[in-house]
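# Remarks on the overall topology
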Amino acid sequence: MVSLKDVFYDESKTELKVELMKKESIGDSNYKVDFILSFSFGYADVSRTISWTQGDIATLKEQISNLDLQPGSGYITPQEPELTMFYVIDEHNKEEITLYITLDGGQINSQMGTETGATIKIVTTHHALKSWVNQLGKVFEA
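Residues numbered from 1 in each chain as written. Predicted model: local features only at pLDDT ≥ 70, side-chain atom pairs only at ≥ 80, totals over all residues. Heavy atoms only, no water.

## Some words on the overall build of the protein
Along the protein, the regular secondary structure elements total four helices and eight strands. Listing each helix as α and each strand as β along the protein from the N terminus yields β-α-β-β-β-α-β-β-β-α-β-α. By the compact-globule yardstick of 14 Å for 142 residues, the protein fits well, its C-alpha radius of gyration being 15 Å. By its C-alpha atoms, the protein is 45 × 30 × 30 Å across when sized along the principal axes. Among the 142 residues that make up the protein, the fraction classed as buried is 37%. (Helix = DSSP H or I, 4+ residues; strand = E, 2+ residues; numbered from the N terminus. Rg over C-alpha atoms; globule rule 2.2 N^0.38 Å. Buried < 20%, exposed > 50% of the residue type's maximum accessible area, 1.4 Å probe, protein only.)

This is the structure in structure tokens:
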């Protein structure tokens, strides 16, 4: 299991958990991975199964590595539309990144992108975000 915890986890108990369910070959050195993705926050937990390929991880790694760590906002998204991350970097604390991570309920339930599913807010750092995506990438290694 790979986890991205809120920097205030001791108080918030907020984290994004990704657990490997199945890994299957879809061609020469290419894999599709099914994850259980869970939002945990205090007393509640929301989970969905999502499927990613190496392209999804590569896209996330590139976007996270190239984040402009200046005040502002933007999106981090894998190729598959089930998950969207909206980030905000505050001008008063450039060390922290506030992520609003949304599971797309329309995509999951009706195969239509809507961005109306469950959302979790995690305050993290660029280092923790890079570490999280690198750990996810290890799942694809042979």
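## Some points on the nonpolar core
Core analysis: the biggest nonpolar cluster contains 31 residues, and Ile76, Leu99, Ile101 and Trp132 have the highest contact counts within it. Setting aside residues up to four positions removed in sequence, Ile101 forms contacts with Leu16, Phe39, Leu83, Thr84, Met85, Ala118, Thr119, Ile120 and Ile122. (Core = buried A, V, L, I, M, F, W, Y, C linked by side-chain atoms within 4.5 Å. Contact = heavy atoms within 4.5 Å.)

## Quick word on the pattern of salt bridges
The full count for this structure, using the stated rule, is four salt bridges. Note that Lys22 and Glu24 form a salt bridge whose closest N and O atoms lie 3.5 Å from each other. Under the relative-accessibility criterion, Lys22 is labelled partly exposed at 42%. Measuring nitrogen to oxygen at the nearest pair gives 3.9 Å for the salt bridge that ties Glu24 to Lys32. Owing to a relative accessible area of 30%, Glu24 belongs among the partly exposed residues under this scheme. Salt bridges linked by common partners bring Lys22, Glu24, Lys32 and Asp34 together as one network. (Salt bridge = Lys/Arg side-chain N within 4 Å of Asp/Glu carboxyl O.)

## Some words on the sheet that holds strand E6 (residues 83-90)
Read across the sheet, four strands follow the order E5-E6-E7-E8 without closing on themselves; strand pairing throughout is antiparallel. Each of the sheet's edge strands pairs with one partner strand only, and the pair in question is strand E5 (72-76) and strand E8 (119-125). Mean inter-strand twist for the sheet, computed between neighbouring axes without regard to direction, equals 20 degrees. Strand direction decides the pairing type here: E6 and strand E7 (residues 93-103), joined by seven bridges, are antiparallel. Bridging across to E7, Phe86 finds its partner in Tyr100. (Pairing = 2+ DSSP bridges. Axes fitted to C-alpha atoms, helices over the stretch in contact; angles between N-to-C directions.)

Coordinates in, geometry out; function isn't part of it.
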